[in-house]
Amino acid sequence: MIVRGVEGGDWPGMALLAATCFGLWHPPDARQMWQSLVAPGCAVVACDGSDVVGTAVALDLEVTVPGGAVLPMAGVSWVAVSPTHRRRGVLRAMFAELHTRMGRFPIAGLEASEAGIYGRFGYGRATEAHRLTVERGSARFHESVADPGGVRLAHAAEHREQLEEIFERWRRQTPGGLHSPRQLWDEVLTDRPEARDGGSALFCLLHPDGFALYRVHGGERKDRIEITKFTAVTADAHVALWRTLLGMDLMDSVSVHTHPGEALPYLLTDPRLVRTTGVDDGLWLRLIDVPAALRARTYAADVSVVLDISDAVLGGGGRFALEVRDGRARCVPTTADVDVHTDLSVLGSLYFGAHRASAFATAGRLRCANPRLVAALDAAFASDVPAQLGFGF
Ligand SMILES: CC(C)(COP(=O)(O)OP(=O)(O)OC[C@H]1O[C@@H](n2cnc3c(N)ncnc32)[C@H](O)[C@@H]1OP(=O)(O)O)[C@@H](O)C(=O)NCCC(=O)NCCS
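These numbers come from a predicted model, not from an experiment.

Caption draft 1: How the structure looks around the overall build of the protein chain. Per the secondary structure count, the protein chain includes eleven helices and 19 strands. Against the 2.2 N^0.38 benchmark of 21 Å for 393 residues, the protein chain shows a C-alpha radius of gyration of 22 Å, consistent with a compact globule. Taken along its principal axes, the extent of the C-alpha atoms in the protein chain is 60 × 55 × 35 Å. Residues classed as buried in the protein chain amount to 50% of the 393 residues present. Sequence separation of at least 24 residues holds for 71% of the intrachain contacts in the protein chain that already meet a minimum separation of 6. Counting only carbon and sulfur atoms, one obtains 50% of the accessible surface of the protein chain, whose full area is about 18000 Å². Of the charged side chains in the protein chain, 40 are positive and 46 negative, and the gap between their average positions amounts to 3 Å.

The following block contains the structure:
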């Protein structure tokens, strides 16, 4: 078996392998859309003779970090090893090769099919997604909640420019927001029947500062709304969209994937009607260039610390002095005495502020003799804008 860069003739074998591993055939043009986003040189295969038995690629993406800076991000995707060749180190060998090729990116991200796979490769859960479901029949808005209006019923494909413009504003202010290339909008708005998961064609609610795309699932008088994309740039847009969604008399429930701080329960007289019906990790992050990534974000409090970051499998990390003053960081390699020992996956989890250093300290995965320093890390890495994954890849 050999691991090498992808050549033109490999793509059909890669498509067959991915379809088999994920149990899903992508239409050829959807596949080509993802293929067009692969960063040059950042696709590898494992081959047994002429058969492709493993694939892993990195897409050329951009991610927003706390404070609004945008970093190039290698979006790791199409990770699959044939069931005929599993648990023999194929993924490990492909990741070693792929990460060598991804060196120009300061940060890498992925979505994990299973949560046990990627921690060893220095990836940590960096966003948290909650699925909320509202039984809308008895939902009433609190009397002090505004009713700003401004929502229109729209055909999504006819309002592409407005959707793109609103999403662009949203992603630039949201940690985890991703630049959304034109090919991806083409794919969303094509609204393929095989991508509807048993639901209706897309519906669109449009506000000057937000939109909701959703599908209706279910049968007669047992209908539920599944929101596929809820994007609100202002508080008015957020309230106006929720008022419209909960005003759908013939729908039983409305479900959305959002961040843990979603304000919906605060809008209603009975917040218990908003149930958390699922919790998931969205984006996993690996800091490739630790100083560059730590300097790029802003911080909520001062801290001064020497971090020793291990990365046993892929050999990243190192020892760094991090000095945060007035929201900005200096971060340089150092040989000074270490305050905090942890691994790269933990740093990935802290980076967007979605997880706290103190939780990892309690778990024994971040070791620090000074509890005040752990509290200072909690305060510094907090983000006032909750992190969210921009879109699935
Ligand atoms: C996940 C997958 C890519 C692993 O490939 P593989 O070649 O069997 O993995 P390797 O043999 O290189 O394993 C590397 C390490 O990961 C561990 N590992 C592999 N798959 C794992 C899983 N599903 N859960 C937890 N650990 C896993 C191995 O035990 C090994 O651990 P070690 O470093 O302690 O020895 C493969 O099982 C697969 O294609 N699954 C279906 C598609 C999928 O889920 N892809 C990932 C999309 S995000």
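Caption draft 2: Spotlight on the pattern of salt bridges. On inspection of all chains with the given rule, the structure shows 24 salt bridges. With a shortest N-O distance of 2.7 Å, R4 and D10 are connected by a salt bridge. Across the pair E226 and R224 runs a salt bridge whose closest N-O atoms are separated by 2.6 Å. Where salt bridges share partners, they join E62, E168, R171 and R172 into one cluster.

Caption draft 3: Representation of the site of the ligand. Around the ligand, the structure places 18 residues, and the nearest of them are V79, V81, R87, R92 and S113. Here a nitrogen atom of the ligand sits 2.8 Å away from a polar atom, N or O, in the main chain of V79. Between the ligand and the protein, one listed contact pairs an oxygen atom with a backbone N or O atom of L91 at 3.0 Å. When the ligand sits alone it has 890 Å² of accessible area, and the protein chains cover 77% of it. For the shell around the ligand, the elements supplying multiple residues, two or more each, are β4 (70-81) and α3 (90-101).

Caption draft 4: Broad picture of the UniProt feature "domain: N-acetyltransferase" (unreviewed entry) in the protein chain. According to UniProt, the feature "domain: N-acetyltransferase" (unreviewed entry) maps to residues 1-158 in the numbering used here. Helix makes up 21% of residues 1-158 and strand 37%, with an end-to-end C-alpha separation of 50 Å.

Caption draft 5: Quick peek at the nonpolar core. Ranked by internal contacts, the top residues of the largest apolar core, which has 74 residues, are L294, L322, Y351 and F393. Each residue touching Y351, except ones within four places of it in the same chain, is listed here: V65, P66, L71, I107, L285, L287, A293, L294, A296, R297 and F381. Within the second largest apolar cluster, 28 residues are counted, among which are L205, A232, L264 and L267.

Caption draft 6: Up close: the environment of G23. Position of G23 relative to the elements: it lies in the loop between α1 (11-22) and α2 (28-36). Judged by its relative accessible area of 65%, G23 falls in the exposed class. Sequence spacing of G23 and V216 is 193 residues, and the spatial spacing of their C-alpha atoms is 24 Å.

Caption draft 7: Spatial organisation of the sheet that holds strand β9 (residues 203-207). Strand order in this open sheet of seven strands is β8-β9-β10-β11-β12-β7-β13, and the pairing throughout is mixed. If you trace the sheet from one side to the other, it starts and ends with β8 (152-154) and β13 (274-281), each paired once. Each neighbouring strand pair of the sheet contributes to a mean axis angle of 25°, computed without reference to strand direction. Pairing geometry for strand β10 (residues 210-217) and strand β11 (residues 223-232), over eight bridges, is antiparallel. Counted as the bridge partner of R215 is E226 from β11. Contacts between helix α4 (residues 160-173) and the sheet are confined to β9, β10 and β11, with β9 contributing the most and set at about 65° to the helix.

The rules we used
- Residues numbered from 1 in each chain as written.
- Predicted model: local features only at pLDDT ≥ 70, side-chain atom pairs only at ≥ 80, totals over all residues.
- Heavy atoms only, no water.
- Helix = DSSP H or I, 4+ residues; strand = E, 2+ residues; numbered from the N terminus.
- Rg over C-alpha atoms; globule rule 2.2 N^0.38 Å.
- Buried < 20%, exposed > 50% of the residue type's maximum accessible area, 1.4 Å probe, protein only.
- Contact = heavy atoms within 4.5 Å.
- Areas by Shrake-Rupley, 256 points an atom, 1.4 Å probe, with all protein chains shown as cover.
- Lys, Arg positive; Asp, Glu negative; His and termini not counted.
- Charge placed at Lys NZ, Arg CZ, Asp CG, Glu CD.
- Salt bridge = Lys/Arg side-chain N within 4 Å of Asp/Glu carboxyl O.
- Near = heavy atom within 4 Å.
- Polar contact = N/O pair within 3.5 Å; in protein donor to acceptor, adjacent residues only side chain to side chain.
- UniProt positions renumbered as here; feature names shortened; annotations may be inferred.
- Core = buried A, V, L, I, M, F, W, Y, C linked by side-chain atoms within 4.5 Å.
- Pairing = 2+ DSSP bridges.
- Axes fitted to C-alpha atoms, helices over the stretch in contact; angles between N-to-C directions.

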